[in-house]
Every structure is written in structure tokens, then in C-alpha cells.
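Summary of structural features
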Amino acid sequence: MIIHRSLQVIGVLAILMCLELAWRASPWGGDGWSRARLLYAAAGGVSALALVAIGGLGIALRRAEAQAAEMRAAIARLEEMLRGR
């Protein structure tokens, strides 16, 4: 769980840094349009979004496993009740 959350935190920080790089590649934040910097920021943004997504998938998988274990336990209790009749 900690690993997945840290992947998400690193991903969000990377997205912020990519946005800052893209801002500097524009005329409003830098000297003018820089296509190379914009491309570099976009490529980094895709990788950063992938980190956030991987972290989210890991958390969802852990929750699904816990829910499946609860369901297995409930089924076992029901089977035990039915055998006791």
C-alpha cells in the first residue's frame, strides 16, 4: 500500500514539474515557443500519468483481494451453517 501511494505521489510531483517545464516553453513563461521543451514535457507527463495509474491499479487490486477474501469467509460460514442442519 505504501509503495502504491508513493508511486502516486511521485507521479503527481512529476506531472507538476512537467507542467512547469511546459510553462517555460511558452511565450508567457519563457522566451518564446520551444517545441523541443514542449515535446519533452509531454513525454514526461505521459510517464508521470502512468505512475499515477499504476499506483491506482495496485490499490484497487489490493481492495479487490480483500473483498474476495471476505466473500470466501462468508461462503465458508454459510456452508458450515448448512452442514450443521
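About the thresholds
- Residues numbered from 1 in each chain as written.
- Predicted model: local features only at pLDDT ≥ 70, side-chain atom pairs only at ≥ 80, totals over all residues.
- Heavy atoms only, no water.
- Helix = DSSP H or I, 4+ residues; strand = E, 2+ residues; numbered from the N terminus.
- Buried < 20%, exposed > 50% of the residue type's maximum accessible area, 1.4 Å probe, protein only.
- Contact = heavy atoms within 4.5 Å.
- Areas by Shrake-Rupley, 256 points an atom, 1.4 Å probe, with all protein chains shown as cover.
- Axes fitted to C-alpha atoms, helices over the stretch in contact; angles between N-to-C directions.
- Parallel < 35°, antiparallel > 145°, perpendicular 65-115°, else oblique.
- Left-handed = near helix turned anticlockwise from the far one by under 90°.
- Nonpolar A, V, L, I, M, F, W, Y, C, P; charged D, E, K, R; others polar.
- Polar contact = N/O pair within 3.5 Å; in protein donor to acceptor, adjacent residues only side chain to side chain.
- Expected span 1.5 Å × (residues − 1).
- Patch = residues over 30% accessible without salt bridge, like charges linked within 9 Å, V, L, I, M, F, W, Y side chains within 5 Å.
- Salt bridge = Lys/Arg side-chain N within 4 Å of Asp/Glu carboxyl O.

**Considering the overall build of the chain**
The number of helices and strands found in the chain is two helices and zero strands. Oriented by its inertia axes, the alpha-carbon framework of the chain measures out at about 80 × 20 × 15 Å. Across the 85 residues in the chain, those meeting the buried criterion constitute 15%. Taking as baseline every contact in the chain between residues at least 6 positions apart, the subset at least 24 positions apart corresponds to 62%. Looking at the chain as shown, the accessible area adds up to about 6,800 Å², and 68% of this sits on carbon and sulfur atoms.

**Some details on the packing of helix α1 (residues 2-24) against helix α2 (residues 35-84)**
Relative to each other, α1 and α2 sit at 160°, their axes nearing to 8 Å. One way to sum up the angle between α1 and α2 is to call them roughly antiparallel. Judged by the sense of rotation from one axis to the other, the crossing of α1 with α2 is left-handed. Taken together, the residues of the contact of α1 with α2 break down into 17 nonpolar, eight polar and five charged.

**With respect to the side chain of serine 26**
As for its placement among the helices and strands, serine 26 is situated in the loop between α1 and α2. The exposure class assigned to serine 26 is buried, which follows from its relative accessible area of 4%. Here tryptophan 23 takes part through its backbone oxygen, which lies 2.7 Å from a polar atom of the side chain of serine 26. Not counting residues within four places of it along the chain, the set of residues in contact with serine 26 comprises Asp31, Gly32 and Trp33.

**Looking at α1**
Here α1 contains 23 residues, and its C-alpha end-to-end distance of 33 Å stays within 8% of the 33 Å for a straight helix at 1.5 Å per residue. For α1, every residue scored as buried is listed here: His4, Gln8, Gly11, Ala14 and Cys18. If you follow the buried residues of α1, they end up packed against α2.

**Thoughts on a nonpolar patch on the surface**
The grouping of Val9, Val12, Leu13, Leu16 and Leu19 at the surface amounts to a nonpolar patch, some 460 Å² of accessible area in total. Look at leucine 19 and you get exposed, because its relative accessible area is 54%.

Any functional reading would require information beyond the geometric quantities listed.
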